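# An overview of the molecular structure
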Amino acid sequence: MIRHLKFIAYSWIFLLIFSCFAFAQSIKIIDLVEGGRGYDGKEISVEGEVIGHLMKRGDFAWFNIDDQTSSIGIWADFDLAAKIKYLGRHAVRGDRVRIDGKFHSHCPMHGGDTDIHAHRIVIVKRGAPQILTYDNKKVNILIFLAGALLCLYIIKILKRQR
Amino acid sequence: MIFRPQLKDVKIIGFYLGKIILGLGLCFLLPMITAIIFKEPDAFLDFSISFFFSLCLGLGLTLLCQLPQKDRVLDWMHGMVVVALTWIVAMFLGAIPMWLSGHWLSFMDACFDSMSGFATTGLVLAQDINHLSYSCNLWRHLIMFIGGQGIVIIALSFLTGVAGGSYALYMGEGREERILPNLLQTARFIWLVSLVYLVLGSSALAISMRLSGMPWVDSVFQGICIFMAAFDTGGFAPQSQNILYYHSFFVEIVCMIVMLWGAMSFSIHYVLWTGNKKSIFKDIEIRTFFISIIVLFVIVLIGLSYGGVYESGNVLFRKGFFHLLSAHTGTGYSTVYSQQFNSLWSPLSILGLIIAMGLGGCVGSTTGAIKMLRLSLVFKAFRAEIKRLMFSDSTVVVEKFHRIRQITMEDKQIKSVLMITLAFIVLYIVGALVGVFFGYPFINSLFESVSASANVGLSTGITQPAMPTLLKVTYILQMWIGRLEFIAVFVLVGFFISWLKGK
């Protein structure tokens, strides 16, 4: 009897862990885009960098995430989205987030847009501003070209004087 | 007997090409200023290198090809060759800062996007657009504005010393109508109209973006970018998701108005500004354009309804009408992913878009493709021919049409219209066959080929950095030939043939 109970308990724990693991498995955005109808209306999990802007619309907000395969719009409660600090753009690496929510390949609520209505947003890795530098090789090329232009201009003046 | 061009011909072409390159080089100043404002040192270096390189090339060419003032007479052939070469040189120069930015995998990819920008196509090979600098984004959209108005139109507006041949320069860029008697005045009118609309359209877009929740600075910046690409029927956008990024009905509505406005002929804009506004409703091209939009929208609508994807009227309008207008005006803006044309849209609705792309907007606008005036004249000619067959031999059939004023249709006009129409159809098919050769499905290859040749920019997913190099070259050529509407390219080919075979 105890053996049976142990087996049921272990099986239950195994299934619980496995199902949690399965839920945490992120889907690539490109798979959602290409196989959209198969995922339509299903609960999914995606991971990517928040890019661009947090666009507040009443109590909700739009933002977009990019996982390097594609980008997708996320519709979320503004309070839920407010935890996002860094939005990816030039010289800024945006927060990496995991979104759990319902996928719509053509959302009737949002004019047929492909989107995810988020239930949960988890910050996987905080973004950060990047230090902008310049390439010294480019500076050398620039100096060379400026010198060449000056020479050509002098030739032009000399030709005109002749 | 074919005469070989003389050194003097080459010098004339080189001299004017050099002048135009100098003008083009000055355009790099705008992204340079933007790079300073937004504190982008690396981008500033990229644009400075491009600026100095262009000035060196332009000045070098004018010095190398210097001729006495009296010998600088530009004839028809020179003008056409200058235009055709200008667009190739512009592609290379425009690609330099893009390639240096590191967002394009190769110089070929940067050239592809540069030609796509200048030719107002909108096909994209750039990587990670979402992290692109403000200055590089401005450059991508600015080249659409420059290319839409016409690179040579800029030169005509500012170069006052063009001796003869300026009409060839004007026509070489696919324009036929003189809006004002003087070409310089026409060029300046085009710029005046464009700049006034730039202020109005950008403001409308900036307000709609601000209402969508974006900060003011980015609303204004992206409003300007989107306007430049929409009015010039280009199709680039500052974010990788194109117009879908904004998730805003307001932004889509303003884009639709700007796209439609950009697809109208500058002659129509002139009449709107100065003349009898009622005569616009009699205009054969405007009538054909609206009939075509309605008919093709019905086809797209039936296709989408049959596919059963979009159920509500609101969604059908936002997706169906937006993309139809985007295709018909040659803009290429999109609120769906390119892959979704294959997975969500039915073949009938795709066909509707292909026809819309292939037909294009109005003559004398920034759109590409066959264009509405040519389509209406083909129908008129067809009707006249049937009338001729029906009536006796002694009957003289005279067809007239209203285009700003009442015009009698002539055989010479029909011949030219049919030639360009046929040339476009051949270009669409050749591009599609190249796509099929590389293993893509015919319908997708045709879609992409028409999109490139008609300078639209919608894609079914073929256009991506991993596509074969030969296909990239094919699309570059299609964009170039389609934008210049064949004549200048034919003259350039003739120029090289006479160089090789002439005596």
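Residues numbered from 1 in each chain as written. Chains lettered and ligands numbered in written order. Predicted model: local features only at pLDDT ≥ 70, side-chain atom pairs only at ≥ 80, totals over all residues.

The subject of this paragraph is the nonpolar core. All names here are of chain B. Judged by nonpolar contacts, the single largest core of 185 residues is most densely connected at Ala84, Cys255 and Met357. Considering every element that reaches this core, the biggest residue donor is helix α4 (residues 76–101), with 14 residues. Setting aside anything within four residues of it in sequence, one finds methionine 357 in contact with Ala327, Ala369, Val450, Ser451, Ala454, Val456 and Leu458. (Core = buried A, V, L, I, M, F, W, Y, C linked by C-beta atoms within 7 Å. Buried ≥ 20, exposed ≤ 12 C-beta atoms within 10 Å, placed from the backbone. Helix = DSSP H or I, 4+ residues; strand = E, 2+ residues; numbered from the N terminus. Contact = placed C-beta atoms within 7 Å.)

Residue and element names in this part refer to chain B. Segmenting chain B into domains produces domain 1 (1–176 + 468–503) and domain 2 (178–454). Summarising the inter-unit geometry, the C-alpha centres of domain 1 and domain 2 are found 24 Å apart. Contacts between domain 1 and domain 2 engage 37 residues on the former and 37 residues on the latter. Per-element tally for the side of domain 1 that touches domain 2: the top contributor is helix α6 (residues 134–149), with 10 residues. By residue class, the composition of the side of domain 1 that touches domain 2 is 18 nonpolar, 14 polar and 5 charged. (Domains from an automatic or database assignment. Nonpolar A, V, L, I, M, F, W, Y, C, P; charged D, E, K, R; others polar.)

This part covers the interface of chain A and chain B. Each side of the interface is counted separately: chain A has 42 residues, and chain B has 44 residues. When contributions to the side of chain A that touches chain B are tallied by element, the ones reaching two or more residues are α2 (29–34), α3 (36–39), β1 (43–57), β2 (60–66), β3 (71–77), β5 (96–107), β6 (113–125) and α5 (136–161) of chain A. Residue contributions to the side of chain A that touches chain B peak at 13 residues, all from α5 of chain A. When its residues are assigned to classes, the side of chain A that touches chain B shows 17 nonpolar, 14 polar and 11 charged.

For the rest of this paragraph, the subject is α4 of chain B. Quick reminder: α-helices carry 3.6 residues per turn. Residues three or four places apart thus point the same way. With 26 residues, α4 of chain B extends 39 Å between its outermost C-alpha atoms, agreeing within 8% with the 38 Å of an ideal straight helix rising 1.5 Å per residue. Glycine 102 of chain B occupies a position one or two residues after α4 of chain B and carries a positive phi of about 85 degrees. (Expected span 1.5 Å × (residues − 1).)

Moving on to unusual backbone geometry. Residues and elements named next belong to chain B. One non-glycine residue, asparagine 242, lies in the positive phi region at around 60 degrees. Within the element layout of this structure, asparagine 242 appears in the loop between α10 (216–231) and α11 (249–262). Positioned with a positive phi, histidine 247 is a non-glycine residue whose angle comes to about 45 degrees. In this fold, histidine 247 is placed in the loop between α10 and α11.

Turning our attention to the domain arrangement of chain A. Partitioning chain A into structural domains gives domain 1 (27–129) and domain 2 (136–162). Computed over C-alpha atoms only, the centres of domain 1 of chain A and domain 2 of chain A are separated by 50 Å.

Let's shift gears to the packing of helix α13 (residues 284–307) of chain B against helix α17 (residues 372–390) of chain B. Residues and elements named next belong to chain B. At their nearest, the axes of α13 and α17 sit 8 Å apart, and the two run at 95 degrees to each other. When the axes of α13 and α17 are compared, the pair comes out roughly perpendicular. Seen from α13, the contacting residues are Ile284, Glu285, Thr288, Phe289 and Ser292; seen from α17, they are Met372, Leu373, Leu375 and Ser376. Of the residues contributing to the contact of α13 with α17, the split by class is 5 nonpolar, 3 polar and 1 charged. (Axes fitted to C-alpha atoms, helices over the stretch in contact; angles between N-to-C directions. Parallel < 35°, antiparallel > 145°, perpendicular 65-115°, else oblique.)

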